[in-house]
Amino acid sequence: MDAFSVIKSLNNNVLIAKDHNQLEVILIGKGIGFGKKKNDLIQSEMIEKLFVLRDKKEQEHYKKIIHDIDDNTLQTIVTSMEMIKNRTNMFIPEHTQVALTDHIVFAIARLQKGLEIRNPFLSETKVLYPFEYEIASEIVDYMNHSLSVLLPEGEIGFIALHIHSAMEGTALHEINRYSRLVSNLVQVIEEWLGIQLDRDGMDYVRFVRHLRYAIERVLNGDKVEEPKKMAALLKEEYPVCYNLAWKLIKIMQQTLKKPIFDAESVYLTIHLQRLYENVHSKSK
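The rules behind these values
All residue numbers refer to position in the chain's written sequence, counted from 1. Totals for whole chains, interfaces and linings use every residue, but because this is a predicted model, local features are given only for residues with pLDDT of at least 70 and side-chain atom pairs only at 80 or more, for both listing and counting. Only heavy atoms go into the side-chain values, all of them from the structure, while hydrogens and water stay out. Here a helix means four or more residues in a row that DSSP labels H or I, a strand means two or more in a row labelled E, and each is numbered from the N terminus. Throughout, radius of gyration means the C-alpha value; the globule benchmark is 2.2 Å times the number of residues raised to the power 0.38. Residue burial is assigned from relative accessible area. The probe radius is 1.4 Å, only protein chains are included, and a residue is buried under 20% of its type maximum, exposed over 50%, and partly exposed in between. Whether two residues are in contact is decided by their heavy atoms, any of which lying within 4.5 Å being enough. Multiply 1.5 Å by the residue count of a helix minus one, and that product is the helix's expected span. N or O atoms within 3.5 Å of each other form a polar contact, as long as, within protein, one can give a hydrogen and the other can take it, and as long as residues adjacent in sequence are counted only when both atoms are side-chain atoms. Think of it this way: DSSP has to see at least two bridges between two strands before they count as a pair. Fitting a line to C-alpha atoms yields each axis, with helices limited to the stretch in contact; the angle taken between N-to-C directions then spans 0 to 180 degrees. Definition used for salt bridges: Asp or Glu carboxyl oxygen within 4 Å of a side-chain nitrogen of Lys or Arg. Angle categories are assigned with fixed cut-offs, so that under 35 degrees is roughly parallel, over 145 is roughly antiparallel, 65 to 115 is roughly perpendicular, and the rest are oblique. Residues were grouped as follows: Ala, Val, Leu, Ile, Met, Phe, Trp, Tyr, Cys and Pro as nonpolar; Asp, Glu, Lys and Arg as charged; and all remaining residues, including Gly, as polar. Residues form patches when they are more than 30% accessible in relative terms and have no salt bridge. Like charges link within 9 Å. Nonpolar side chains (Val, Leu, Ile, Met, Phe, Trp, Tyr) link within 5 Å. Where accessible areas are quoted, they stem from the Shrake-Rupley method and a 1.4 Å probe; at the residue level, only the protein chains shown are allowed to cover.

A.B. asks: Summarise the overall build of the protein chain; cite the residues concerned and give the values.
C.D. replies: Of regular secondary structure, the protein chain possesses 11 helices and 5 strands. A compact globule built from 284 residues should have a C-alpha radius of gyration of about 19 Å, whereas the protein chain, at 24 Å, is more than 25% larger. In the protein chain, which comprises 284 residues, the share counted as buried stands at 46%. Nonlocal contacts in the protein chain, meaning residues at least 24 apart in sequence, comprise 66% of its contacts between residues at least 6 apart.

A.B. asks: Can you explain helix H2 (residues 71-88)? Please cite residues and give values.
C.D. replies: With 18 residues, H2 extends 26 Å between its outermost C-alpha atoms, agreeing within 8% with the 26 Å of an ideal straight helix rising 1.5 Å per residue. Residues of H2 that are buried: Thr73, Leu74, Thr76, Ile77, Val78, Ser80, Met81, Ile84 and Thr88. One side-chain oxygen of the residue at the start of H2 lies 3.1 Å from the amide nitrogen of Asn72, identifying that residue as Asp70. Phi turns positive, to about 55°, at Asn89, one or two residues after H2.

A.B. asks: If you had to explain the sheet that holds strand S1 (residues 3-11) to someone new, which residues and values would you point to?
C.D. replies: Read from one edge of the open sheet, 5 strands run S4-S1-S2-S3-S5, paired in antiparallel fashion. Edge positions in the sheet fall to strand S4 (41-43) and strand S5 (49-51), since each has one partner strand and no second. Sheet twist, expressed as the average angle between the axes of neighbouring strands with direction ignored, equals 40°. For S1 and strand S2 (residues 14-18), the ladder comprises 5 bridges, and the chain directions are antiparallel. The partner of Ser5 across the bridge, within S2, is Lys18. The strands touched by helix H1 (residues 56-67) are S1, S2, strand S3 (24-28) and S5; relative to S3, the strand with the most contacts, the crossing angle is about 25°.

A.B. asks: Residue-level account of the pattern of salt bridges, with values.
C.D. replies: Scanning the model with the defined rule gives 10 salt bridges in all. Between Glu134 and Arg87 there is a salt bridge whose closest N-O contact spans 2.9 Å. Here Glu134, found in helix H5 (residues 130-147), pairs with Arg87, found in helix H2; they are 47 residues apart in sequence, far enough to count as distant. Put simply, Arg217 and Glu264 hold a salt bridge, and the shortest N to O gap is 2.8 Å. One end of the pair, Arg217, is in helix H8 (residues 202-220); the other, Glu264, is in helix H11 (residues 263-283), with 47 residues separating them in the sequence. Accessibility expressed as a relative area gives 4% for Glu264, which makes it buried. Connected through salt bridges with shared partners, the residues Glu24, Glu60 and Lys63 form a single ionic network.

A.B. asks: I'd like a description of the environment of Lys18, backed by residues and values.
C.D. replies: Along the polypeptide, Lys18 turns up in strand S2. Relative accessible area serves as the criterion here: at 34%, Lys18 is assigned to the partly exposed category. A C-alpha to C-alpha distance of 26 Å links Lys18 and Val105, two positions 87 residues apart in sequence. Residues contacting Lys18, with those up to four places away along its chain left out, are Phe4, Ser5, Ile7 and Leu23.

A.B. asks: Tell me about the packing of helix H3 (residues 94-112) against helix H6 (residues 153-168), and please be specific about residues and values.
C.D. replies: Relative orientation of the contacting elements H3 and H6 amounts to 175°, with a least axis distance of 10 Å. Relative to H6, H3 is oriented roughly antiparallel. Side by side, H3 and H6 meet where Thr96, Ala99, Leu100, His103 and Ala107 of the first sit next to Glu155, Phe158, Ile159, His162 and Ala166 of the second. Its residues assigned to classes, the contact of H3 with H6 comprises 6 nonpolar, 3 polar and 1 charged.

A.B. asks: Quick rundown of a nonpolar patch on the surface? Include the residues and the values.
C.D. replies: On the surface, Met230, Leu233, Tyr267 and Ile270 cluster together into a nonpolar patch covering about 310 Å² of accessible area. Residue assignment for the nonpolar patch shows that the elements contributing at least two residues are helix H9 (228-237) and H11. Counting through the fold element by element, Met230 comes out in helix H9. We classify Met230 as partly exposed; its relative accessible area is 36%.

This is the structure:
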């Protein structure tokens, strides 16, 4: 039976300890830290959650976060991590555990102070990452009930991005960069065409998902064959949307710092024309 040697008790429910390999671990369990002193042994059946944080910087940051939060909040966050793990069927990377714990604690603190939590990329996140958004929605619902708080819908979007970052192994700042890019492109479209896109409409969903896969193709260097006859036809028939497509491509190139194949203009033009026509047909 595994036993852990206590290094330090952070509070009644959290301990810093060493495992049999002398690695520092964080142990969480109800009453696990009560009255414990250095070198006391903790048996594994007392442990509800064990974190092995190999990155020293992440470890120190996590210790500071959990030291200052109440037991119910900590247990709620730990359970939320388990929910993510079970839904995604994957191990949650330590940087995600630390970053998401930090984010949730900060969000709750802002809410308690009456500060507004705004998410400018909410609609794009909901469309781009529906599976992650569904999990995040369950997490927020659980936290609201467990902690008697009312986290806004914007928090679902933020947590969804953390989940997507963990699933894809992509840094959160990169995920945010791409979400910001999509949001910027949508804004350019609305200004250029003088329309207001329906964020809940299927055409918008298809277009935003097309942008996501276009960005992924660019990042991966995937070549797209250009239907030249189609390009010439679209340029002649739909010059406004064709020119807008090229404007969007230039913005993408500047942001992603990578070349984009000309064929992307064809598919963008088709999507843009459909959006433009549908908005105008509904306004008649």
